[in-house]
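Tertiary structure, described
Okay, here's what each chain looks like letter by letter:
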There are 4 protein chains.
Amino acid sequence: MIIVLKPGITRKLESTVLAEIRKRGYRPHVMRGVARTVVGAIGDELTHANLETLVTEFPQAVESVMPIQKRYKLVSREAHPADSTVTVRDQIIGGKKFQVMAGPCSVESEKQLLTTAEAVKAAGATILRGGAFKPRTSPYEFQGLGEKGLKLLAKARRETGLAVITELLSENHADLVAEYTDIIQIGARNAQNFQLLIAAAKTGRPVLLKRGLSMKIEEWLLAGEYILANENPNLMFCERGIRTFETYTRNTLDLGTIPIIKKESHCPIVIDPSQGAGRADLVAAMCKGAVAMGADALLIEVHPNPAEAWSDSAQQVSLDSFAKLMRELRPFIQAAGRE
Amino acid sequence: MIIVLKPGITRKLESTVLAEIRKRGYRPHVMRGVARTVVGAIGDELTHANLETLVTEFPQAVESVMPIQKRYKLVSREAHPADSTVTVRDQIIGGKKFQVMAGPCSVESEKQLLTTAEAVKAAGATILRGGAFKPRTSPYEFQGLGEKGLKLLAKARRETGLAVITELLSENHADLVAEYTDIIQIGARNAQNFQLLIAAAKTGRPVLLKRGLSMKIEEWLLAGEYILANENPNLMFCERGIRTFETYTRNTLDLGTIPIIKKESHCPIVIDPSQGAGRADLVAAMCKGAVAMGADALLIEVHPNPAEAWSDSAQQVSLDSFAKLMRELRPFIQAAGRE
Amino acid sequence: MIIVLKPGITRKLESTVLAEIRKRGYRPHVMRGVARTVVGAIGDELTHANLETLVTEFPQAVESVMPIQKRYKLVSREAHPADSTVTVRDQIIGGKKFQVMAGPCSVESEKQLLTTAEAVKAAGATILRGGAFKPRTSPYEFQGLGEKGLKLLAKARRETGLAVITELLSENHADLVAEYTDIIQIGARNAQNFQLLIAAAKTGRPVLLKRGLSMKIEEWLLAGEYILANENPNLMFCERGIRTFETYTRNTLDLGTIPIIKKESHCPIVIDPSQGAGRADLVAAMCKGAVAMGADALLIEVHPNPAEAWSDSAQQVSLDSFAKLMRELRPFIQAAGRE
Amino acid sequence: MIIVLKPGITRKLESTVLAEIRKRGYRPHVMRGVARTVVGAIGDELTHANLETLVTEFPQAVESVMPIQKRYKLVSREAHPADSTVTVRDQIIGGKKFQVMAGPCSVESEKQLLTTAEAVKAAGATILRGGAFKPRTSPYEFQGLGEKGLKLLAKARRETGLAVITELLSENHADLVAEYTDIIQIGARNAQNFQLLIAAAKTGRPVLLKRGLSMKIEEWLLAGEYILANENPNLMFCERGIRTFETYTRNTLDLGTIPIIKKESHCPIVIDPSQGAGRADLVAAMCKGAVAMGADALLIEVHPNPAEAWSDSAQQVSLDSFAKLMRELRPFIQAAGRE
């Protein structure tokens, strides 16, 4: 911790503050600068967290208190300098091969899901997405098929060989969902639902953690830390757009997270342009940007008939558009040195 | 729904769009304006939700699609024009009497809790707050005393007669928490954890629903709708600051929500200035503003020794400061026509 | 400056960084902590500003660089512990008396302005606002009456004795506007138009500086510093709402700025609830909050016939509503210890 | 305009609203829906702008008023379906060739500028950037060399043949800056300084308009409208990052603006990753993304010795890094079908 003292305080008041710092288990280290005196409090901040109150306890003496240490450990690149990878079935996420996860926003019927699964596989996707439990802003909207949806995903997996990713909404469903899926998705609205993160981690399945709507990078990394600290090493981060003042798009897709996550963490980074834009007509450009910037995978909403989708229809691309998109991505995947 | 057509499209293309609108169960109503033709699609939007795809299906013809109906019903003032109130023990929230809920961020020990409870009661608070289960950004921070904390809250209630409010973090704890508390608090990070909202509603206990960090008013009202739609009429909204670009304070307390919630809904509105500011030195001014603007209650973090608090120590006020604050609020409560 | 070194770097690399810090005119002060080594660089940051590049120059060695000193001086309460006041005609802003500035968004005609001026004076306002030069998002919207508007303001001042405030949009109009007005207003969109700030300061007229739409407190104080540094001591800050993700209101009025500006600066703080809400029906509650929280003055848009206003009609209150509002504010002004 | 009436109002009140709509020059068109009655007000919204007050004038009757027409015309793709291009010297921006504008944040000396100009030219840039007038958050920071800086830019142009872009800060400098530069840059802080936009347009020089820190797409397009409406057809939009809650980077670069500007407007779109990230280590990835997503040009800060730069040193890349970046971009430029 760095404690910045106010200018012009008495030596006596300064001593009181220093004594207090010592009392809380830190060793104070005084630096007298031109305009301010600054105190470094030496000690492990992860175990002693309460110097921040000095500002309110000694309002005449203390101007600000700033932390120094990073708060995350296991997800950090410092802890694990090489890239880590996640393997599902025979596919590696975070390796040389660029992966595409695709499928409908919600699982609606056997026909809808199997048609989509076959089409996305033919176009080059290796992982099938589909929501069985859906978090909906309004209680009057379609909430997903539940276990029936999970069974359809399992069937699609058997028939196509694609791995499956689906969202976990409730701690109580953790075992059920884990039974049917290869990857557990944690949605943006639950990104700081720590009980759910722990439950997901404990299933042992790889976890794809979406960024919350207004989650800072540090908070996202710390939410990921909940997965690794609960002994599940298979974590992927997924950027899906943040909430800003802009209203043209549903969210603002923050593609800058790709180099940032690569710098701060060893875990793979996946981009979801469908949620990010909320508009199918912007998805293709965003996919190209994600590939060029070094993302490890894409998560794309695809529907055989977007107009009749039971949820988020405006942002799902058709089977044809998806196949076209996959062809257009090829030169960019190559330019990025991926397969 | 209002469908705005692009300028200069052919009558044939227009007919195709109109036919599609009819096919989806709406009656189209065409208005030819100076610069644009606009179509009103008449039908109940709560049951037919999929006209928004027209933008992507007919990109040459459709410029935008706008909803007309409000998406919330039970929480709306239209549904219930009079103010609703919530009664806990012998206290009414939302009535003539201005209520103050106060207590520590986390329950830490019997001594800490009872000292605080007695002090806040003496100063005029009627409801005791205290966290037993704590949602923490980092897995390495103090996570609360759990059931032991709930038991201490129950003891403080017995000894002081204060009602109790505490946070529910997990669906699995709903019955346990309901057993010990008078009001269930849903925290900002769980404000769109719909499974938790349903579990809280079903306990039958009054629910205080904090606004999520980047939740729009409409989404907050819809999250409240989850409580009322699950047959629990005792809902209070609680503003605790939103996330903005400003870094001087931890959050930006949006006091404008007081007149807005009063206008849109019949449910009481509570202000939490401690989370809102994240700094004890700004709490007093924010409380005065909340009272003057018509809030029904305050939720304030108070600790016998903020410096030694196990969580959020920078934002908790001391017992003395709290007593002083309560005295300072009196003229404003009077000016607002409250008791 | 505080330079945080990466964990585990060699002593040799550390020495290189320390040498570089010395080379740039600072004295390095090393503190070896548990997890990190931290270097305090002692020297005046206002004259040596370039240590921040160490992060990119020594990416293996330097984790982050944090400034310590406050960047503003003249506006800070440290520089001037007592409250400063601004006197226009016989009115003092920032003193015991609570001041109200009111009038139309735009000056439209003699009749409109004089009717409003008389009505707001009768209701208790002491300063007349009115825009002669209007910044408009679209080039096709009404841009103000210009000099003709200034002359009408001067006439209203002569006839009512009210002081006048109006916005300055262009450096080229600084002398012209100063000739007719008692206070120069700098609008939100020009809050970091530094050339305009300098031109306004040099007229010698008191300046009311609105907060930019996404301006941090520190940036706002620094923009104010441009006024004081150009030898004009008569500065008022005016909060008028910031831009956030919320779309219910036009802006989010940040009333927390009242205690913050009072803490950081000696200059008066004025609240503009009309721009803040963008809706006349929320103005009254926001005024009450502002008074209770310690604002020095209000700036309210009032129009004899809001529906026919040539700009921002949705946010202007009628003459009757204004008179009612002034009556309702009285008990809160009293409770706040003002006149 | 679309006027949404409240449910359950009397026919008499409805008639009053309809009469009012007619009085303001619109033809009302009533649609009775299941839950609401909606009125289309037919008339040109660009000339009649005041129906929005109906909400406050008839609070019992009118729930909301929504505009239908787009507010921008000349910049819109509707007005000009083909891409427009801007030619400076022998270079075309917006055509087949991908353009790179590069140079120091501030012009500091002849040596610094010429060294940079030659290096960026050798690496493939065609336009030289450099600030002579600098907008600085603090009055105590370096404000640019002014006219001396312009003369150095002109000299660099003569010696290298590169075109020049520099920022205009003050209406009073418009002619002076236009004399020396090929492109006038309007900075983010002045993006809604409409007087400056008009002054820039009137010089006849091409204008590069940066997006304001919290400017919505629509506002940005309307600011561009000020250029075209003042008879200057040579407009480029430049995304440079918006202000969000995230603090890891200085701004959040919104690369989604590339497909959006391409869709809404015919004008070229340029990306500035240096301001966007505020960190040199993220610039390369952002450039690759911009190229892949279809940007027409990049604007990159390059300095022979970033550590000694007089402004924004943390975000400038070195000459070597720039040359390396240009090599790395080549496969992406090719994949995007550009030269």
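The structure under discussion appears in the preceding block.
Nothing here was measured: the structure is a model prediction, and the numbers come from that model.

What chain A contains, in helices and strands, is 11 helices and 14 strands. Expressed as a percentage of the 339 residues in chain A, the buried residues total 65%. Counted over contacts in chain A with a minimum sequence separation of 6, partners at least 24 positions apart contribute 67%. Element-wise, carbon and sulfur atoms account for 49% of the exposed surface of chain A, whose accessible area totals about 11200 Å². Here chain A contributes 43 positively and 38 negatively charged side chains, and the mean placements of these two sets differ by 3 Å.

All names here are of chain D. Compared with an ideal rise of 1.5 Å per residue, which puts 13 residues at 18 Å, helix α7 (residues 217-229) spans 18 Å between its outermost C-alpha atoms and is within 8% of the ideal. Burial analysis of α7 places 11 of its 13 residues in the buried class, which makes it a mostly covered element. Those residues of α7 that are buried lie in contact with α6 (194-202), β11 (207-210), β12 (235-239), α8 (257-264) and β13 (269-271). Count one or two residues on from α7 and you reach Glu 231, which has phi positive near 60 degrees.

Often the size quoted for an interface is simply the accessible area lost on bringing the parts together. If you look at the interface, chain B gives 46 residues, while chain A gives 46 residues. Summing both sides of the interface, chain B and chain A together bury roughly 4000 Å²; the carbon and sulfur share of this comes to 50%. On the chain B side of the contact with chain A, Thr 137, Tyr 140 and Arg 243 of chain B bury the most area, a combined 16% of that side's loss. Linking chain B to chain A there are four salt bridges. Note that Glu 219 of chain B and Arg 243 of chain A form a salt bridge whose closest N and O atoms lie 2.6 Å from each other. Taken together, the links from chain B to chain A amount to 21 residue pairs in polar contact (both at pLDDT 80 or more). When contributions to the side of chain B that touches chain A are tallied by element, the ones reaching two or more residues are α2 (54-57), α6 (194-202), α7 (217-229) and α10 (280-293) of chain B. Among the elements that take part in the side of chain B that touches chain A, α7 of chain B stands out by supplying six residues, more than any other.

Centre-to-centre distance and the angle between the planes together describe a pair of aromatic rings. Residue and element names in this part refer to chain C. If you walk through the whole model with that rule in mind, you get eight aromatic pairs over all chains. Between Phe 194 and Tyr 226, the ring centres sit 4.6 Å apart and the planes meet at 20 degrees, which makes this aromatic pair stacked. Residue Phe 194 is found in helix α6 (residues 194-202), and its partner Tyr 226 is found in helix α7 (residues 217-229); the two are separated by 32 residues along the sequence. With respect to class, Phe 194 is no different from Tyr 226; both count as buried. With centroids separated by 5.3 Å and ring planes inclined at 75 degrees, the aromatic side chains of Trp 220 and Phe 237 adopt a geometry described as edge-to-face. Here Phe 237 lies in strand β12 (residues 235-239) and Trp 220 lies in helix α7, a separation of 17 residues in the sequence.

A few words now on the environment of Ala 163 of chain A. Residues and elements named next belong to chain A. Tracing the backbone shows Ala 163 in strand β9 (residues 163-167). On the basis of relative accessibility, which here comes to 1%, the residue Ala 163 falls in the buried class. Sequence-distant contacts of Ala 163, that is, excluding residues within four places in its chain, are made with Val 88, Arg 89, Thr 126, Ile 127, Leu 128 and Asp 182.

Two side chains carrying opposite charge are able to pair once their charged atoms lie near each other. Residues and elements named next belong to chain B. On inspection of all chains with the given rule, the structure shows 92 salt bridges over all chains. The partner of Arg 32 in a salt bridge is Glu 14, with the nearest N and O atoms 2.8 Å apart. A residue pair is termed long-range when its members are at least 10 positions apart, and Arg 32 in strand β2 (residues 27-32) and Glu 14 in helix α1 (residues 11-23) qualify at 18 residues. When its relative accessible area of 34% is taken as the criterion, Arg 32 is described as partly exposed.

Residue and element names in this part refer to chain A. Notably, Arg 89 is not glycine yet its phi reads approximately 50 degrees, a positive angle. Here Arg 89 lies in the loop between β5 (86-88) and β6 (91-93). Of note in this structure, Glu 231 is not a glycine but carries a positive phi near 60 degrees.

Turning our eyes to something else, we now look at the relation of the copies chain C and chain D. When chain C is brought onto chain D, the operation consists of a screw motion whose angular component is 180 degrees and whose axial shift is 0.1 Å, with 0.1 Å RMSD remaining. Both copies of the chain, as the preceding transformation shows, are related through a two-fold rotation axis. Residue Ser 214 of chain C of chain C places its C-alpha closer to the rotation axis than any other residue of that unit, at 3.0 Å.

On to the sheet that holds strand β1 (residues 2-5) of chain A, then. All names here are of chain A. Strand order in this open sheet of four strands is β2-β3-β1-β4, and the pairing throughout is antiparallel. Two strands in the sheet have a free side with no partner beyond their single neighbour: β2 (27-32) and β4 (62-66). For this sheet, the mean angle separating the axes of adjacent strands, direction not counted, is 20 degrees. Across the sheet, helix α1 (residues 11-23) touches β1, β2, β3 (37-42) and β4, and the angle it forms with β2 is around 145 degrees.

On to the pairing of strand β10 (residues 183-186) of chain D. Residue and element names in this part refer to chain D. Every second residue of β10 is oriented toward a common face, with Ile 183 and Gln 185 on one face and Ile 184 and Ile 186 on the other, all of them buried. Note that strand β9 (residues 163-167) and β10 share three bridges and pair parallel. Each bridged residue has a counterpart across the sheet, and for Glu 167 the counterpart in β10 is Gln 185. With helix α5 (residues 174-180) bridging β9 and the parallel β10, this β-α-β connection has right-handed handedness. Since β10 and β11 lie parallel, the crossover through α6 that links them has a hand, and here it is right-handed.

The next point concerns the nonpolar core. By size, the foremost hydrophobic cluster in this structure holds 166 residues, and its most contacted members are Phe 237, Ile 300 and Phe 322 of chain A together with Phe 237, Ile 300 and Phe 322 of chain D. Beyond its immediate chain neighbours, meaning those up to four positions away, Phe 322 of chain D contacts Val 100, Ala 102, Val 120, Ala 123, Ala 125, Ile 300, Val 302 and Val 317 of chain D. In terms of nonpolar packing, the next biggest core, distinct from the first, is built from 165 residues, Leu 152, Leu 168 and Met 286 of chain B together with Ala 201 of chain C among them.

Turning our eyes to something else, we now look at the relation of the copies chain B and chain A. Note on the identical chains: chain B maps onto chain A by a rotation of 180 degrees and an axial translation of 0.0 Å, with an RMSD of 0.0 Å. Most of the interface of chain B is mirrored in chain A, where 98% of its interface residues again form contacts.

Another aspect to go through is the sheet that holds strand β14 (residues 297-301) of chain D. Residue and element names in this part refer to chain D. Around the barrel, eight strands lie side by side as β7-β8-β9-β10-β11-β12-β13-β14; this closed barrel has parallel pairing. Looking at each pair of strands side by side, their axes are set apart by 25 degrees on average, direction ignored. Note: strand β8 (residues 127-129) against β9, three bridges, orientation parallel. Its bridge partner being in β9, Ile 127 is matched across the sheet by Ala 163.

Below, the discussion takes up α6 of chain C. Residues and elements named next belong to chain C. Taken across its nine residues, α6 has seven buried, putting it largely inside the fold. Every buried residue belonging to α6 is among Phe 194, Gln 195, Leu 196, Leu 197, Ala 199, Ala 200 and Ala 201, and all of these are buried. Looking at the residues trailing α6, positive phi occurs at Gly 204, about 85 degrees.

All names here are of chain A. Packing of helix α7 (residues 217-229) against helix α8 (residues 257-264) leaves a shortest axis separation of 12 Å and a crossing angle of 50 degrees. On the basis of the axis angle, α7 is oblique to α8. For the element pair α7 and α8, the recorded crossing hand is right-handed. Mapping the contact onto sequence places Ile 217, Trp 220 and Leu 221 in α7 and Thr 257, Ile 260, Ile 261 and Glu 264 in α8.

Let us look at the interface of chain C and chain D. Across the boundary between the two partners, chain C contributes 46 residues, which contact 46 residues of chain D. Buried area between chain C and chain D, summed over both chains or domains, comes out near 4000 Å², and the portion from carbon and sulfur atoms is 50%. Looking at the side of chain C facing chain D, the largest losses of area belong to Thr 137, Tyr 140 and Arg 243 of chain C, adding up to 16% of the total buried there. Remark: the boundary between chain C and chain D carries four salt bridges. At the boundary of chain C with chain D, the tally comes to 21 residue pairs in polar contact (both at pLDDT 80 or more). Going through the elements one at a time, α2 (54-57), α6, α7 and α10 (280-293) of chain C are the ones with two or more residues in the side of chain C that touches chain D. A per-element tally of the side of chain C that touches chain D places α7 of chain C first, with six residues.

Rules used throughout
Along each chain, residue indices are assigned from 1 in the same order as the chain's sequence is written. By the order in which they are written, chains take letters starting at A while ligands take numbers starting at 1. Under the rules for a predicted model, residues below a pLDDT of 70 receive no local features and side-chain atom pairs below 80 are neither given nor counted, while totals for whole chains, interfaces and linings still include all residues. For side-chain calculations, the full set of non-hydrogen atoms in the structure is used, while hydrogens and water are omitted. Every helix listed is a DSSP run of H or I at least four residues long, and every strand listed is a run of E at least two residues long, numbered separately from the N terminus. Think of it in three bands: residues with accessible area under 20% of the maximum for their type are buried, residues over 50% are exposed, and the middle band is partly exposed, with areas taken using a 1.4 Å probe on protein chains only. Residue contacts are counted whenever heavy atoms from the two residues lie within 4.5 Å of one another. Only the protein chains shown count as covering a residue, and every accessible area follows the Shrake-Rupley method with a 1.4 Å probe. A positive count includes Lys and Arg, and a negative count includes Asp and Glu. His and the chain ends are not counted in either. Charged side chains are reduced to one point each, which is NZ for Lys, CZ for Arg, CG for Asp and CD for Glu. A helix is expected to span 1.5 Å multiplied by its residue count minus one. In this description, buried area is defined as the sum, over both parts, of the accessible area (probe of 1.4 Å) that is lost when the two are combined. A carboxyl oxygen of Asp or Glu within 4 Å of a side-chain nitrogen of Lys or Arg is what we treat as a salt bridge. Any pair of nitrogen or oxygen atoms within 3.5 Å is treated as a polar contact; in protein, a donor-acceptor pairing is required on top of that, and neighbouring residues in sequence qualify only through side-chain atoms on both sides. Classification of ring pairs uses Phe, Tyr and Trp, with its six-membered ring standing for Trp, and accepts pairs whose centres are within 6.5 Å; under 30 degrees between planes counts as stacked, over 60 as edge-to-face, and the remaining range as tilted. Alignment of copies: least-squares fit on C-alpha atoms of residues with pLDDT of at least 70 in both copies. Criterion used throughout: strands pair if DSSP finds at least two bridges between them. Here, axes are lines fitted to C-alpha atoms. For helices the fit covers the stretch in contact, and angles between N-to-C directions go from 0 to 180 degrees. A right-handed crossover is one whose linking path, passing over the helix from the first strand to the second, runs clockwise when the strands point away from the viewer. Definition of nonpolar core: a set of buried residues of the types Ala, Val, Leu, Ile, Met, Phe, Trp, Tyr and Cys, connected through side-chain atoms within 4.5 Å. Should an angle fall under 35 degrees it is called roughly parallel, over 145 degrees roughly antiparallel, and 65 to 115 degrees roughly perpendicular, with every other angle called oblique. Here a crossing is taken to be left-handed if its near helix is turned anticlockwise relative to the far helix by less than a right angle, and right-handed if that turn runs clockwise.

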